[in-house]
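# Coordinate inspection notes
Chain by chain, the residues:
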Amino acid sequence: MNTSFSPHTFDFTTAGRIIFGTGTITKLPVLAGPFGKKALIVCGADPQRIAPYVENLHQENLTTIPFSISGEPSISVIEAAVELARSNQCEMVIGIGGGSVLDAGKAIAILLTNPGAPLDYLEIIGSGKPLTHNPVPYIAVPTTAGTGAEVTANAVIESPSHRIKVSLRSPSMLPRIALVDPALTINMPPRLTAYTGLDALTQVMEPYVSHLATPITDIFCREGIKLASQALVVAFDNGNNLEARESMSLASLYGGLALANAKLGAVHGFAGPFGGMYKAPHGAVCAALLPHVMEANIHALQLRTPTHPSLSRYQDVARLLTGNRQADIMDGPAAIKKLTTAFSIPGLQSYGLQPEEMELLIEKAEQASSMQGNPIKLSRQELEAILNAAL
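Scoring rules and cut-offs
Residue numbering note: each chain is counted from 1, following its sequence as written. In keeping with the predicted nature of the model, local features appear solely for residues at pLDDT of at least 70, side-chain atom pairs appear and are counted solely at 80 or more, and the whole-chain, interface and lining totals rest on all residues. Side-chain descriptors were evaluated using all non-hydrogen atoms of the structure, hydrogens and water having been removed beforehand. Here the axes come from fitting lines to C-alpha atoms, over the contacting stretch only for helices, and the angles between their N-to-C directions go from 0 to 180 degrees. Starting at the N terminus, helices and strands are each numbered in turn, a helix being any DSSP run of H or I of at least four residues and a strand any DSSP run of E of at least two. Here a crossing is called left-handed whenever its near helix is offset anticlockwise from the far helix by less than a right angle, and right-handed whenever the offset is clockwise. In this description, contact between two residues means that some pair of their heavy atoms is separated by no more than 4.5 Å. Amino acid classes used here: Ala, Val, Leu, Ile, Met, Phe, Trp, Tyr, Cys and Pro are nonpolar; Asp, Glu, Lys and Arg are charged; the rest, including Gly, are polar. The aromatic pairing rule takes the rings of Phe, Tyr and Trp, using the six-membered ring of Trp, and pairs them if the centres are within 6.5 Å, calling planes under 30 degrees apart stacked, those over 60 edge-to-face and the rest tilted. A simple rule labels every residue: compare its accessible area, found with a 1.4 Å probe on the protein chains alone, to the largest value its type can have, and call it buried under 20%, exposed over 50%, or partly exposed in between. A ring is scored as having a charge over it whenever the NZ atom of a lysine or the CZ atom of an arginine sits within 6 Å of its centre and within 35 degrees of its normal. Counting of polar contacts relies on pairs of N or O atoms within 3.5 Å, with two restrictions inside protein: one atom must be capable of donating a hydrogen and the other of accepting it, and residues adjacent in sequence are counted only when both atoms are side-chain atoms. Take the buried residues of types Ala, Val, Leu, Ile, Met, Phe, Trp, Tyr and Cys, join any two whose side-chain atoms come within 4.5 Å, and each joined set is a nonpolar core. Note on handedness: a clockwise path from strand one over the helix to strand two, with the strands aimed away from the viewer, defines a right-handed crossover. Two strands make a pair as long as DSSP finds a minimum of two bridges between them. In a helix, the anticipated span is given by 1.5 Å times the number of residues less one.

Another point: the packing of helix α12 (residues 358-367) against helix α13 (residues 380-390). Running from N to C, α12 and α13 point in directions that differ by 115°, and their axes come no closer than 10 Å. Crossing of α12 against α13: the hand is right-handed. Contact residues: α12 offers Met-358, Glu-359, Leu-361, Ile-362, Glu-363 and Glu-366, while α13 offers Arg-380, Leu-383, Glu-384, Leu-387 and Asn-388. Partitioning the contact of α12 with α13 into residue classes produces five nonpolar, one polar and five charged.

As structure tokens, this is what we get:
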């Protein structure tokens, strides 16, 4: 495995505590107890799905204030949640749900202690002021295996008026506790399993070829690629296979650990702005883009910097994805295309992308934080070719 551009000095940060394992959700009341007696519970569209876990909190004399979100959290949704938590004097935030729920929880927790509006702190469309006060304690409990948001230091927030998704970002936004129980993902339907699983796979591949990769993130990425490539199809075909669910939850966690410390790349550079312009599942957008970004990066590296270490890393990716030590570098994108075909991943055009809007999408993508982690700067023509291929 190639480690030729891993730096000799690096920084690695993550959640204060990570608890992983089937059945660990039962520890939630004990973990929350030291943080206070009143918690804002952030959840998805159907609060009944988490009712048993909330009831367990009640049995330990914790008062809960529910806040339900559907889809991506918007600025106005975050403001409403902060006001609800503040008016009820919540001492902590607990997020139980998918990536959007976990991101909302991170944003709420830190905005409770930092005065002003979200736009004061948001990047790109806001003032980008630093978040100087630590958040209230936050416990992140994922119910999907995809984003790794339980161990990342940002929250993606939608601004419908700007047609963009941007991040609230601070090292202090890392959750106090990440509680990962793979059993909570058992009820994910096949389509959601595919979308979130391909997002998880993307998030262990992009940091591996990023110019910001480190020896620690390399370990997570290589193991995550192996786990996801072996378990995703099994989880898709049989959602009750606990071993596959455990592997995907671990791959998702590894992706969060890696991206928080080594950045992502052009897949997420496009996917963030795309999600702000069109209503589309984030994982499905990543899946539609991934093989074409891989091909574009490989070709650009071969053409302009043929000795670049990311090329040998893409060779590693091909071997890890296929399990074949003799795999060709282009076997990597081919393996991903095989998965996206098997899962019937829709093209970007199905969400409304038209050729006349590509220039605007590219402009937004070029400003995205994730794009800065790509192993090579892609030209406008190369970025447009990726979108055309992903239509």
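After that view of the structure, there is still more to cover.
What describes a pair of aromatic rings is the distance from one ring centre to the other and the angle between the planes of the rings. The tally for this structure, following the rule as stated, stands at five aromatic pairs. Relative to Tyr-351, the ring of Phe-274 lies with its centre 6.1 Å away and its plane at 80°, an arrangement referred to as edge-to-face. In this pair, Phe-274 is assigned in helix α8 (residues 266-277) and Tyr-351 in the loop between α11 (331-342) and α12, connecting sequence segments 77 residues apart. A single burial state applies to Phe-274 and to Tyr-351, both of which are buried. Chaining the aromatic ring pairs together yields one cluster made of Phe-12, Phe-220 and Tyr-254. The residue whose ring lies beneath Arg-163 is Tyr-278, and the NZ or CZ to ring-centre distance is 5.8 Å. Here Arg-313 stacks its cationic end above the ring of Tyr-208, 4.7 Å away from the centre of that ring.

What follows covers the side chain of Asn-261. The topology assignment puts Asn-261 in helix α7 (residues 242-262). Residue classification places Asn-261 among the buried positions, given a relative accessible area of 13%. Here Thr-13 takes part through its backbone nitrogen, which lies 2.8 Å from a polar atom of the side chain of Asn-261. The contacts of Asn-261, once residues within four sequence positions are left out, are Asp-11, Phe-12, Thr-13, Leu-212 and Thr-217.

Looking now at the nonpolar core. Residues Leu-201, Met-205, Phe-270, Phe-274, Leu-289, Leu-321 and Leu-348 are the most contacted members of the largest nonpolar core, which totals 74 residues. Among the elements that make up this core, the one with the highest residue count is helix α9 (residues 282-304) (13 residues). Excluding residues that lie within four positions of it along the chain, Met-205 makes contacts with Ile-225, Leu-290, Met-294, Val-317, Leu-321 and Ile-336. Counting residues in hydrophobic clusters, the runner-up holds 34 residues, among them Ile-78, Ala-109, Ile-110 and Leu-122.

This next bit is on the pairing of strand β2 (residues 38-43). Within a regular strand, side chains alternate between the sheet's two faces. For β2, the buried fraction is high: five of the six residues fall into the buried class. Of the crossover connections in this fold, the one passing from β2 over helix α2 (residues 51-59) to the parallel strand β3 (residues 63-68) is right-handed. Alignment of β2 against strand β4 (residues 92-97), held across five bridges, turns out to be parallel. The residue of β4 that forms the bridge with Leu-40 is Val-93.

Compared with the 16 Å implied by 1.5 Å per residue over twelve residues, the 17 Å span of α8 between its first and last C-alpha is a close match. With respect to burial, α8 is a largely interior element, twelve of its twelve residues being buried. Its buried side turned inward, α8 meets β6 (154-159), β7 (164-169), α5 (190-209), α9, α12 and α13.

What follows concerns α7. With 21 residues, α7 should cover 30 Å at 1.5 Å per step; its first-to-last C-alpha distance of 30 Å lies within 8% of that length. Along α7, 16 of the 21 residues are buried, which leaves the element largely enclosed by surrounding structure. Measuring from the backbone nitrogen of Glu-243 back to the side-chain oxygen at the start of α7 gives 3.2 Å, which picks out Asn-241 as the cap. Count one or two residues on from α7 and you reach Lys-263, which has phi positive near 65°.

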